[in-house]
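Residue-level structural notes
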Amino acid sequence: MHRRNFMLKTGLSALLVPFLPGALRAVPGLEGDPDRFFQQLIEANDRSVSLLLARQMQRPGDRFDGGLPNAQDIATAMGTATMVQRLASAYIAPDSIYHQSESLRASLAQAIAFLLRTQHEDGTIDLLETNFHSPPDTAFVVEPLCLAYGHMRERPDLAGVAATLKGFLLAAGEALIVGGIHTPNHRWVVSMALARLNLLFPDPRYVQRIDRWLAEGIDIDPDGQYHERSTHIYSPLTDRCLITVARLLDRPELLDPVRRNLDMTLYYVHPNGELATEASGRQDKYQVGTLQSYFYPYHFLALQDANGRFAAMSRFIMQNMGAEKLSHNLAYFQEDASLLKPLPATTALPDDYERAFPHSQLVRIRRGRYDATILAGNPTFFTFQRGEAVLQGLRVATSFFGAGQFSGEKLEKAGNTYVLTWQLSKPYYQPYPEAEIPGDGDWGRLPREKRALSEVQHLRCHVEIEEKDAGFE
């Protein structure tokens, strides 16, 4: 059965929009023997490698030769770096069909040559859609390439390929020592990349730059939420970055914010395994979010802390996402054999709760097979899921494109009722002060701020949400 999403706009229309199937199907066998899971990751990575090799550009003499193209048929550094990681993982895995493959070694050399052509003299690469000479995007590329280099450096048959890749990484390191960032998570992506470079090519400048970023403090609030509130994309990325820096630089204190974020995330999971994304401050807002990127953080800390709930989440992700979607984690398992230890006993995951996250102005309520999210500071102030039915958002507005778009200014609880209130005032404007009129008829030189107000109109909205038997009113 296919899920149907609903977006209701009171007083206007109800839009019934077909959406992606929402229920996750359990994949048997992944939650058991760690060695079997590792083998399934190798097999899934091999299937991915087959597809990547078929797409790798074969254009001798062309600047895109050896690169992995995007949807616009343009080879990119990020896609190619991810391919290099997967190819290296397959090459070194004794059970891979590509183990020590000469043709795979040639594809690696070709891909790394492409990366060198994309790298600027200052060591950076471009994200062609928007960021040029970009240190943070260089860091995104460095992380998978460091994993690949770590697999290559001790193998005589890969010595030439590894030497070429080392040149790329060292040049990128010079860029990351001095380069800037755009967003909060970029600090931790750069720090993760520098920590990996320092592991391979120890340099005190790498650690000094990490410490400079860490001096700003981790951007996590008392709820356990990072500043960007990006539950689908940047929160799990930040968790992985901080784990990597903590592990490679022996900074165990950096695991504390990760634990807090993972604890919080347990209460952002819909019954079908998707994530609540409505409060995000980034591009995943309102997107269907999955737990795929949380696998490594939950799995790592389940083992690190013998945490039963994190172990339950790791098993849940394994069962519901499958090795195909988790195969990008193979390189982490090859790097750190401790990840193959048996998980601790499972502790039940929360599935019956009412939980407020005041710093995100959000309340999450779950009752087994259905759940709801209540939000302030957001035009979509209520969502609801029950089985395959999804009320994607409830909104109130005076008109669809008008100024009166309700967004609760604060979220309060009175008894069993959550209350959202909001008000809007709009005036009419009097003639411009006569003594200040420029006299050229230019409306742009008559700012509204200097006009007297009249006929001020007020809109006040009051929304109450109360939990009822098996639903909400």
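Check the entry above for the structure.
How each quantity is defined
Residues numbered from 1 in each chain as written. Predicted model: local features only at pLDDT ≥ 70, side-chain atom pairs only at ≥ 80, totals over all residues. Heavy atoms only, no water. Buried < 20%, exposed > 50% of the residue type's maximum accessible area, 1.4 Å probe, protein only. Helix = DSSP H or I, 4+ residues; strand = E, 2+ residues; numbered from the N terminus. Contact = heavy atoms within 4.5 Å. Pairing = 2+ DSSP bridges. Lys, Arg positive; Asp, Glu negative; His and termini not counted. Salt bridge = Lys/Arg side-chain N within 4 Å of Asp/Glu carboxyl O. Polar contact = N/O pair within 3.5 Å; in protein donor to acceptor, adjacent residues only side chain to side chain. Core = buried A, V, L, I, M, F, W, Y, C linked by side-chain atoms within 4.5 Å.

Okay, helix α10 (residues 295-305) next. Within α10, eight of the 11 residues are buried, which leaves the element mostly enclosed by the surrounding structure. If you check which residues of α10 are buried, you get Phe295, Tyr296, Pro297, Tyr298, His299, Phe300, Leu301 and Ala302. Where α10 is buried, its residues contact α1 (34-55), α8 (234-249), α9 (255-265), α11 (308-326) and α12 (330-335). With its phi angle positive at about 50 degrees, Ala306 sits one or two positions after the end of α10.

Turning our eyes to something else, we now look at the sheet that holds strand β13 (residues 417-429). Strand pairs in the sheet, formed through backbone hydrogen bonds, run parallel or antiparallel to each other. Reading across from one edge, β12-β13-β14-β15 is the order of the four strands in this open sheet, with antiparallel pairing throughout. The sheet is open, and its two borders are formed by β12 (410-414) and β15 (471-472), each paired with just one other strand. By the bridge criterion, five bridges tie β12 to β13 in an arrangement that is antiparallel. For Glu412, the partnering residue across the bridge sits in β13 and is Val419.

This part is about the side chain of Glu278. In this fold, Glu278 is placed in the loop between α9 and α10. Buried and unpaired, Glu278 has Arg364 as its nearest opposite-charge partner, separated by 6.2 Å. When neighbours within four sequence positions are excluded, Glu278 is seen to be in contact with Lys285, Tyr286, Thr373, Leu375, Asn378 and Thr383.

Of note in this structure, Ala306 is not a glycine but carries a positive phi near 50 degrees. Examined against the element boundaries, Ala306 turns out to sit in the loop between α10 and α11. Exposure remark for Ala306: the relative accessible area of 57% places this residue in the exposed category. For Glu455, which is not glycine, the phi dihedral falls at a positive 45 degrees. You can see Glu455 is positioned in strand β14 (residues 453-468). Among the residues examined, Glu455 registers a relative accessible area of 49% and is labelled partly exposed.

Attention shifts here to the environment of Arg445. Position of Arg445 relative to the elements: it lies in the loop between β13 and β14. Residue Arg445 is classed as partly exposed on the basis of its relative accessible area, which comes to 46%. Placed 148 residues apart in sequence, Arg445 and Pro297 show a C-alpha to C-alpha distance of 56 Å. Discounting residues that sit within four places of it in the chain, Arg445 has contacts with Tyr432, Pro438 and Asp440. Engagement of the side chain of Arg445 in a polar contact is seen with the side chain of Asp440, the distance being 2.5 Å.

Moving on to the nonpolar core. The biggest cluster of nonpolar side chains holds 111 residues, and the ones touching the most others in it are Val84, Leu145, Met152, Leu169, Leu197 and Ile317. With residues near it in sequence (within four places) discarded, Leu197 still touches Val142, Cys146, Leu169, Gly173, Leu176, Pro202 and Tyr206. Formed by 18 residues, the second largest nonpolar core is a distinct cluster that contains Val363, Phe381, Phe384 and Phe406.

One pass over the full model with this rule turns up 26 salt bridges. The salt bridge involving Arg196 is made with Glu335; its shortest N-O contact spans 2.6 Å. Of this pair, Arg196 sits in helix α6 (residues 184-200) while Glu335 sits in helix α12; the two residues are 139 residues apart in sequence, bridging distant segments of the chain. Of the residues examined, Arg196 reaches a relative accessible area of 3% and is grouped as buried. The class for Glu335 is partly exposed, based on a relative accessible area of 28%. Residues joined by salt bridges that share partners form a network here, namely Glu143, Arg196, Arg240, Arg247 and Glu335.

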